[in-house]
Amino acid sequence: MRISVDRDLCVGAGQCVLSAEDVFDQDRHDGLVVLRTPDPSPAESDAVRDAVDRCPAGAITLHEG
């Protein structure tokens with residue numbers, strides 16, 4: 001699993017951080033998504049999928065395989 005984020009799409013809702021705080025963070029200055037790790041562990045896969053589903057802007061892309 002690999003993750004990418006598009007900060008231009010991000011609206012700073014923070015749903016990703018609530019779902020997977022070890023993988024996502026928010027920038028202190030603008031509140032936009034910060035990807036802490038593009039290659040999360042298998043144990044984090046459910047939380048990452050939840051973050052993707054909860055993102056209101058569609059700013060998170062999950063690449064599986």
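Residues numbered from 1 in each chain as written. Predicted model: local features only at pLDDT ≥ 70, side-chain atom pairs only at ≥ 80, totals over all residues. Heavy atoms only, no water.

Focus on the side chain of glutamate 44
Tracing the sequence through the fold places glutamate 44 in the loop between strand 3 (33–35) and helix 2 (45–54). No salt bridge is formed by the buried glutamate 44; its nearest oppositely charged neighbour, arginine 36, is found at 8.6 Å. There is a polar contact of 2.9 Å between the side chain of glutamate 44 and the backbone nitrogen of serine 41. Those residues in contact with glutamate 44 that sit more than four places away from it in its chain are Asp22 and Val23. (Helix = DSSP H or I, 4+ residues; strand = E, 2+ residues; numbered from the N terminus. Buried < 20%, exposed > 50% of the residue type's maximum accessible area, 1.4 Å probe, protein only. Lys, Arg positive; Asp, Glu negative; His and termini not counted. Salt bridge = Lys/Arg side-chain N within 4 Å of Asp/Glu carboxyl O. Polar contact = N/O pair within 3.5 Å; in protein donor to acceptor, adjacent residues only side chain to side chain. Contact = heavy atoms within 4.5 Å.)

Let's talk about the nonpolar core
One recurring pattern in soluble globular proteins: nonpolar side chains tend to sit buried together. One finds Ile3, Cys16, Val23, Phe24 and Ile60 to be the most contacted residues of the largest nonpolar core, which totals 14 residues. At the level of secondary structure, the elements contributing two or more residues to this core comprise helix 1 (15–19) and helix 2. Valine 23 has contacts with Ile3, Val34, Leu35, Arg36, Thr37, Pro40, Glu44 and Val48, leaving out every residue within four places of it along the chain. (Core = buried A, V, L, I, M, F, W, Y, C linked by side-chain atoms within 4.5 Å.)

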